[in-house]
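# Fold and contact review
So you can see what is in the structure, the chains are spelled out below.
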Amino acid sequence: MRRLLLIPILTLSAQSHALTLEESVAEAINNHPSIQQKYASFEAAVRYKRAAVGDYLPQVKLYGGVGYENVRYNSGQRVDTELDRSEIGVRVSQLLFDGFRTTSEIDRLDFEKEAERLGLLSDAENLSLEVSRVYLELSMANKIVELSERNIKEHQEVLKNIESRRDKGLSSDSDVAQVRARLATSQSGYLSARNNQMDKQARYYDLVGQLPKDLHDPQPDFNFVPTNLVDAIRLALENHPEIDAAILDTQAASAQHEREKSDFWPTLSLELQANKNDNIGGIEGPDEDARAMLMLSYDLFSGGSTTDRTEAASWRYQQSLAIRKNTQKQVEEGTRLAWNAYEFIGQQRGFYRENVDQAVKAEQGYNKQFELGRRSLLDVLDAKVEVFLARKHYITSHYNYNIAAYRLINATGYLMESFRVDTPEAWTEEK
């Protein structure tokens, strides 16, 4: 099956052809601001990690200066000079040991980068579910509008028939008034259905960026729907990107704790420095030097700041553990709710199908009995309403069942895969 390739931060021109659900999902992920925002956050995390890796490399600095210098004493000798001083030099330093601060910082930023990537995938999964829901709700709204139009036409036909019977003396004005009242009710219901249809169109446009046209009737890939609640929860806990992101946030907090502890260690570096100066310290003429030195720095006392930062990082780690546990509980709860909706709506759909079949049979029987004078007009009208409501309930349950299936697939983290939508290479781990 053809897979749709997503390109982040890409603006596509409007298309005239009808979009499938899979194409609608791809369009939304390509263009929706929430995904662009999350992608930008991910790219920023990639750059922060690269910046931290740079601390492993030699640091080269060029410095210089020129200006006026007045010296009155120098090295115990009385000097009183006014010279134009100039300095230029280069310093190369290579970090040898910093108490594992750089290593811990790189680990922390790497975990955060991967957490951002998984958060991006999670947002894309959730946006896919929202597009699926709106797409199906709009398809359902279209069907209900068609059903409402059909209901109006059927009531108009009944009204025409009753008016004809009245003219022949077989019905009364009250029968005509009763049918007209039911016709007005059906017309009011049609307007309500149209209002709901237009609301769904507006929501679809907000997500996809195009006005809907000739939507298809999508079907979930039931190969991705778990067969029981136990498997659903297992898949969700193993695969859901939000859980993986929470685990990475915990690892990032642990790495931050290690980074803060690095200030208890000394820092050792190798420095190479060369200077070419002139008129330094009140002595006229050149002043040049070069040196190579091992430099040691050890913070003996910092007012307790290092200890406080380390303890704060430890509490941040505890916070991340609690967030991770809460995320797992939320994913499991969401999976249970999705499974319950899938199971019960599926059972309801069967009853609504039976309701439609029996209501149609009853309506047909009532029409025949009305012609024979064995049923009242009210019976016929009530039967027609029953058929309309039965069909409406079945349409609603049919689409809600598919929405529940997409929701269950989303709960296990496989929704985009079920759509055969590839994530772009820019979203990959190797960066």
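Preceding this section is the structure that the text describes.
What counts, and at which threshold
- Residues numbered from 1 in each chain as written.
- Predicted model: local features only at pLDDT ≥ 70, side-chain atom pairs only at ≥ 80, totals over all residues.
- Heavy atoms only, no water.
- Helix = DSSP H or I, 4+ residues; strand = E, 2+ residues; numbered from the N terminus.
- Rg over C-alpha atoms; globule rule 2.2 N^0.38 Å.
- Buried < 20%, exposed > 50% of the residue type's maximum accessible area, 1.4 Å probe, protein only.
- Contact = heavy atoms within 4.5 Å.
- Core = buried A, V, L, I, M, F, W, Y, C linked by side-chain atoms within 4.5 Å.
- Axes fitted to C-alpha atoms, helices over the stretch in contact; angles between N-to-C directions.
- Parallel < 35°, antiparallel > 145°, perpendicular 65-115°, else oblique.
- Nonpolar A, V, L, I, M, F, W, Y, C, P; charged D, E, K, R; others polar.
- Pairing = 2+ DSSP bridges.
- Polar contact = N/O pair within 3.5 Å; in protein donor to acceptor, adjacent residues only side chain to side chain.

### Topic: the overall build of the protein
Along its length, the protein carries nine helices and six strands. A globule of 431 residues ought to have a C-alpha radius of gyration of about 22 Å, yet the protein, at 37 Å, is considerably larger. Expressed along its principal axes, the backbone C-alpha trace of the protein runs to roughly 135 × 45 × 45 Å. Within the span of the protein, comprising 431 residues, buried residues form 39% of the whole.

### So, the environment of Tyr-205
If you trace the backbone, Tyr-205 turns up in helix α4 (residues 173–208). A relative accessible area of 44% places Tyr-205 in the partly exposed class. Each C-alpha atom, one on Tyr-205 and one on Leu-248, is 35 Å from the other, the two residues being 43 residues apart in sequence. Look past the residues within four positions of Tyr-205 in its chain and what remains in contact with it is Gln-210 and Leu-211.

### Section: the nonpolar core
Note that soluble globular proteins tend to have their nonpolar side chains buried in a common cluster. Ile-29, Val-131, Tyr-204, Tyr-342 and Trp-427 are the most contacted members of the largest nonpolar core, which has 55 residues in total. At the level of secondary structure, the elements contributing two or more residues to this core comprise α1 (21–31), α2 (33–53), α3 (101–167), α4, α6 (241–261), α7 (305–371), α8 (377–411) and α9 (415–418). Looking at which element gives the most residues to this core, the answer is α3, with 16 residues. Within the second largest apolar cluster, eleven residues are counted, among which are Val-179, Leu-183, Phe-370 and Leu-381.

### A closer look at the packing of helix α5 (residues 229–239) against α6
Closest axis-to-axis distance for the α5/α6 pair is 6 Å, and the angle between their directions is 40°. In terms of their interaxial angle, α5 and α6 are classed as oblique. In contact with Ala-236, Leu-237, Glu-238 and Asn-239 of α5, α6 contributes Pro-241, Ile-243 and Asp-244. For the contact of α5 with α6, the class distribution of residues is four nonpolar, one polar and two charged.

### Notes on the pairing of strand β5 (residues 283–297)
Counting buried residues in β5 gives one out of 15 residues, a small share hidden from the surface. Pairing of strand β4 (residues 267–280) with β5 involves 13 bridges; the strand directions are antiparallel. When the sheet's bridge partners are listed, Leu-268 is paired in β5 with Leu-296. Counted between consecutive antiparallel strands, the loop separating β4 from β5 contains two residues, among which Gly-281 sits at a positive phi close to 65°.

### Digging into the side chain of Asn-410
On the secondary structure map, Asn-410 appears in helix α8. At 3.2 Å, the side chain of Asn-410 and the backbone oxygen of Glu-125 are in polar contact. Leaving out residues up to four positions away in the same chain, Asn-410 has contacts with Glu-125, Asn-126, Leu-129, His-240 and Leu-415.

### Section: the side chain of Ser-186
Here Ser-186 is to be found in helix α4. Under the relative-accessibility criterion, Ser-186 is labelled buried at 7%. From its side chain, Ser-186 meets the backbone oxygen of Leu-183 in a polar contact 2.6 Å long. Filtering out sequence-adjacent residues up to four positions away, Ser-186 remains in contact with Asn-151, Ile-152 and His-155.

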